Amino acid sequence: MGQLDEYPALRAALRILQMIVAMLLLGVLVFLGVAAYLTLNRTEAPTEPPTLTYILMGTALVAIVAVAYVAASIVKRARRDLVEDRPVRMPGGAAVAVPAAIAESGDAGRLFPAFQTATILRAASYEGAAFLCLVAAIVEGHVAGLIGGAIMAVLLALQIPTAARAEHHLEA
């Protein structure tokens, strides 16, 4: 029996997190459709060279690398706080306010907010990167921006948390 089966509040919190990431993905997919229509039906030739496309795609990649580091540090800090029997804190040192139903879930309940925060940060980073790529595609008319946006959408879809991923994270 896993943590999520043992504590219904954690399962409910995971469902909410899944919906948040899925809605971020839905927004990207809708905008991808709009960007594809506008880019592929342009009457003027694409901008050469696609400088803005390359700059925005590079910026998107830098943001993704940076948020991967931040998300990992949040989880690492939460685990360290748990081992040292301190309240779990977020960057800046503020203690995490955990709802009572989740707090009753023991160590898993104390770790869940870090999992939630890291997941949302990663998902938001992929979402932002997708929008940067798609805006570049609309502005310059290059398919490269559409491809970058589609890749970011796939990476965002992979951030939708599964029960197995949550269980793995919550194992203290």
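See the structure shown above.
First, a word on what this report is: a plain description of the structure on this page. (Residues numbered from 1 in each chain as written. Predicted model: local features only at pLDDT ≥ 70, side-chain atom pairs only at ≥ 80, totals over all residues. Heavy atoms only, no water.)

## Thoughts on unusual backbone geometry
Put simply, the rule reads: Runs of H or I in DSSP of at least four residues are treated as helices and runs of E of at least two as strands, each being numbered from the N terminus.
Of the consecutive residues E48 and P49, the connecting peptide bond is found in the cis state with omega at -15°. Counting through the fold element by element, P49 comes out in the loop between helix 2 (8-40) and helix 3 (51-83).

## Comments concerning the environment of Q18
Basically, it comes down to this: For this analysis, residues touch if any pair of their heavy atoms sits within 4.5 Å.
Locating Q18 in the fold gives a position in helix 2. Between the C-alpha atoms of Q18 and P161, which are 143 residues apart in sequence, the distance is 5.8 Å. Those residues within four positions of Q18 in sequence are excluded, and the remaining contacts are I160, P161 and T162.

## Points about the nonpolar core
Inclusion rule: In these notes, a set of buried Ala, Val, Leu, Ile, Met, Phe, Trp, Tyr and Cys residues joined through side-chain atoms within 4.5 Å is what counts as a nonpolar core. Working definition: with a 1.4 Å probe on protein chains only, accessible area under 20% of the residue-type maximum means buried, over 50% means exposed, and in between means partly exposed.
The biggest cluster of nonpolar side chains holds 17 residues, and the ones touching the most others in it are L4, L10, L14, F112, F115 and L170. Listed by contribution, the elements that provide at least two residues to this core are helix 2, helix 3, helix 5 (107-140) and helix 7 (163-170). By residue number, the principal contributor to this core is helix 5, which donates five residues. When neighbours within four sequence positions are excluded, L4 is seen to be in contact with L10, R11, L14, A163, A166, E167 and L170. One finds L24, L25, A129 and A153 within the second-largest nonpolar core, a separate group that totals 13 residues.

## Considering a nonpolar patch on the surface
Put simply, the test is: Patch membership needs two things, relative accessible area over 30% and no salt bridge, and members are linked within 9 Å if like-charged or within 5 Å if nonpolar (Val, Leu, Ile, Met, Phe, Trp, Tyr). All accessible-area figures derive from a Shrake-Rupley calculation using a 1.4 Å probe, and residue coverage is judged against the displayed protein chains alone. Here a salt bridge means any side-chain nitrogen of Lys or Arg lying within 4 Å of a carboxyl oxygen belonging to Asp or Glu.
Residues M23, L26, V30, V34, Y37 and L38 make up a contiguous nonpolar surface patch of about 590 Å² in total accessible area. Here Y37 lies in helix 2.

## Quick notes on the packing of aromatic side chains
What counts, and what does not: Stacked, tilted and edge-to-face are the three classes assigned to paired rings of Phe, Tyr and Trp, where Trp is represented by its six-membered ring and a pair needs centres within 6.5 Å; plane angles under 30 degrees give stacked, over 60 edge-to-face, the rest tilted.
According to the stated counting rule, one finds two aromatic pairs in the structure shown. A ring pair is formed by F31 and F131, whose centres lie 5.3 Å apart and whose planes are at 65°; its orientation type is edge-to-face. Highlighted residues: F31 in helix 2 and F131 in helix 5, separated in sequence by 100 residues. Exposure remark for F131: the relative accessible area of 26% places this residue in the partly exposed category.

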